[in-house]
Amino acid sequence: KAGVTQTPRYLIKTRGQQVTLSCSPISGHRSVSWYQQTPGQGLQFLFEYFSETQRNKGNFPGRFSGRQFSNSRSEMNVSTLELGDSALYLCASVKDTGLHEQYFGPGTRLTVT
Amino acid sequence: DAKTTQPPSMDCAEGRAANLPCNHSTISGNEYVYWYRQIHSQGPQYIIHGLKNNETNEMASLIITEDRKSSTLILPHATLRDTAVYYCIVRVYDADKLIFGTGTRLQVFP
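Residues numbered from 1 in each chain as written. Chains lettered and ligands numbered in written order. Predicted model: local features only at pLDDT ≥ 70, side-chain atom pairs only at ≥ 80, totals over all residues. Heavy atoms only, no water.

1. Digging into the overall build of chain A
Defined as follows: Each helix is a run of DSSP H or I of at least 4 residues and each strand a run of E of at least 2, with the numbering of both proceeding from the N terminus. Computation of the radius of gyration draws on C-alpha atoms, with the globule rule given as 2.2 Å multiplied by the number of residues to the power 0.38. In this scheme, a residue with accessible area under 20% of its type's maximum is buried, one over 50% is exposed, and one in between is partly exposed, where area comes from a 1.4 Å probe on protein chains only. Any two residues whose heavy atoms approach within 4.5 Å at even a single point are treated as in contact. Note on areas: Shrake-Rupley with a 1.4 Å probe; residue coverage comes only from the protein chains shown.
Scanning chain A from N- to C-terminus turns up 0 helices and 11 strands. The N-to-C order of helical and strand elements in chain A reads β-β-β-β-β-β-β-β-β-β-β. For chain A, whose C-alpha radius of gyration is 13 Å, the value lies close to the compact-globule estimate of 13 Å for 113 residues. Taken along the three principal axes of its C-alpha coordinates, chain A extends 35 × 25 × 25 Å. Looking at the 113 residues of chain A, the share that counts as buried comes to 49%. Sequence-distant contacts, at least 24 apart, represent 54% of the contacts inside chain A between residues at least 6 apart. For chain A, the exposed area adds up to about 5300 Å²; of that, 47% sits on carbon and sulfur atoms.

Shown next as structure tokens:
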């Protein structure tokens with residue numbers, strides 16, 4: 001079966017702009033989590049959605065937001081981009097909450113100039 | 001979630017066993033030990049998890065000490081494709097977020 005897909009794979013934006021990233025989980029998976037990976041901070045949890053509801057949220061400013069649709073696809077939005085938002089944004093899906101194995105997508109590489 | 005400590009890097013010869021240690025001395029009774037790896041520029045990949053008993057799957061074995069304060073991931077016959085950063089994570093079963101540390105960069109050489 002198809003894995004987690006993320007679009008776009010690469011993105012270049014300018015400071016102050018906003019960006020929307022998309023994640024399509026594995027078919028049948030209902031939970032989607034987002035992570036940010038930077039060389040300085042490593043992999044950090046952003047938020048997790050299950051059945052269109054945010055269940056967990058990491059320690060990120062309100063500029064970072066997300067949502068999940070009824071088909072489990074998820075989007076994350078970053079407003080007023082800063083240079084420090086340049087990172088690899090990863091999405092992971094799980095069939096149901098609490099299950100052990102999370103499946104990660106290839107990520108979206110965002111560069112802010 | 002408990003913190004973990006891993007060596008920053010390790011080397012292993014191809015075909016030999018790679019033994020990656022992890023300390024989690026503050027682990028709670030209801031926290032599992034998970035291992036993920038990340039090959040360069042890809043998303044992390046789940047390897048294995050355990051609570052108390054040793055576990056084995058097609059990828060690796062997980063050995064957890066009796067006091068659960070440390071564990072070892074064993075790749076029995078390392079290949080060049082096993083070169084990656086390996087993350088040891090502890091978390092409560094129903095907490096979906098994974099807290100990644102800095103991991104161990106495993107370099108498998110010919």
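From this point, the narrative continues.
2. Overview of the state of the cysteines
Residues and elements named next belong to chain A. The condition is simple: Cysteine sulfur pairs qualify as disulfides if the two atoms are within 2.5 Å.
Within the structure shown, the criterion is met by 2 disulfides over all chains. A disulfide bridge connects Cys 23 with Cys 91, and the sulfur atoms are separated by 1.7 Å. The sign of the S-S torsion, about -50°, decides the handedness of the disulfide formed by Cys 23 and Cys 91: left-handed. With a gap of 68 residues between them, Cys 23 in strand E3 (residues 19–24) and Cys 91 in strand E9 (residues 87–94) connect regions that are remote in the sequence. Assigned by exposure class, Cys 23 and Cys 91 land together as buried.

3. Thoughts on the side chain of Ser 93 of chain A
Residue and element names in this part refer to chain A. Worth spelling out the cut-off: For the purposes of these results, a polar contact is taken to be a pair of N or O atoms within 3.5 Å, where, inside protein, one atom must be able to donate a hydrogen and its partner to accept one; residues adjacent in sequence count only when each atom of the pair is a side-chain atom.
Its place among the elements puts Ser 93 in strand E9. Look at Ser 93 and you get buried, because its relative accessible area is 0%. There is a polar contact of 2.8 Å between the side chain of Ser 93 and the side chain of His 29. What Ser 93 contacts, discounting residues up to four positions off in sequence, is Val 4, Pro 25, Ile 26, His 29, Ser 31, Val 32, Glu 101, Gln 102 and Tyr 103.

4. Quick word on the environment of His 100 of chain A
Along the chain, the position of His 100 of chain A falls in the loop between E9 and strand E10 (103–104). For the pair His 100 of chain A and Glu 48 of chain A, spaced 52 residues apart in sequence, the C-alpha to C-alpha distance is 15 Å.

5. Points about the sheet that holds strand E5 (residues 55–56) of chain B
Residue and element names in this part refer to chain B. To keep it simple, the criterion reads: If DSSP finds at least two bridges between two strands, the strands pair.
Taken in spatial order, the 4 strands make up an open sheet running E2-E7-E6-E5, and their pairing is antiparallel. Edge positions in the sheet fall to strand E2 (18–23) and E5, since each has one partner strand and no second. Sheet analysis places E2 next to strand E7 (residues 70–75), joined by 6 bridges and oriented antiparallel. Residue pairing in the sheet places Pro 21 in a bridge with Thr 72 of E7.

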